[in-house]
Amino acid sequence: FLIQCLRVQRREPELKIFRHRDIKKALGESFGEKLKSHCWDEQPIYIARLVRDALSHEGGRETVGLKNVRKHGIEVSKDGQLQILPEDLTALFNTLKVRAQSLAVHAATLPEFQ
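Computed from a predicted structure; not experimentally measured.

Conventions used here
Residues numbered from 1 in each chain as written. Predicted model: local features only at pLDDT ≥ 70, side-chain atom pairs only at ≥ 80, totals over all residues. Heavy atoms only, no water. Axes fitted to C-alpha atoms, helices over the stretch in contact; angles between N-to-C directions. Helix = DSSP H or I, 4+ residues; strand = E, 2+ residues; numbered from the N terminus. Parallel < 35°, antiparallel > 145°, perpendicular 65-115°, else oblique. Left-handed = near helix turned anticlockwise from the far one by under 90°. Contact = heavy atoms within 4.5 Å. Expected span 1.5 Å × (residues − 1). Buried < 20%, exposed > 50% of the residue type's maximum accessible area, 1.4 Å probe, protein only.

Further remarks concern the packing of helix 1 (residues 2-10) against helix 2 (residues 20-31). Where helix 1 meets helix 2, the closest approach of the two axes is 10 Å, and the angle between their N-to-C directions is 45°. Here helix 1 lies oblique to helix 2, going by the angle between them. For the pair helix 1 and helix 2, the sense of crossing is left-handed. Note on element contacts: helix 2 touches helix 1 through Ile 23, Ala 26, Leu 27, Glu 29, Ser 30 and Phe 31, opposite Leu 2, Ile 3, Cys 5, Leu 6, Gln 9 and Arg 10.

As structure tokens, then:
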């Protein structure tokens, strides 16, 4: 969703951005620092990225990055496996929904989205 919004706002339909720092920079340039911070930098989003990375790249094991986050909220088994529960998915959905709505409301005011 973020990349699609960037494509429209920048009028670059083939835009491809993969690195976190490049996405973060592009969001700030295109939608302002306040919205970028809300959609990319806040703690729940940071934790969601760390959990996604642990699931995708570490076989679901708690990573050093997650261990360094106080109270990330995900249960961890004795052998270090993340235990993703239904309430974790609900919380993630709600976290992402609020940010997607904020971006959509802002984007609707821009001429590129008319």
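Moving on: helix 4 (residues 43-57). Helix length check: helix 4, at 15 residues, gives a terminal C-alpha distance of 21 Å against a target of 21 Å (1.5 Å per residue), a fit within 8%. Taken together, the buried positions of helix 4 are Ile 45, Ile 47, Arg 49, Leu 50, Val 51 and Ala 54. In this structure, the buried side of helix 4 is in contact with helix 2, helix 3 (33-41), helix 5 (64-67), strand 2 (82-83) and helix 6 (86-107). Once helix 4 ends, the next one or two residues include Gly 59, with phi positive near 65°.

This part takes up the environment of Val 64. Mapped onto the fold, Val 64 is located in helix 5. As a C-alpha pair, Val 64 and Phe 93 span 29 residues in sequence and 24 Å in three-dimensional space.

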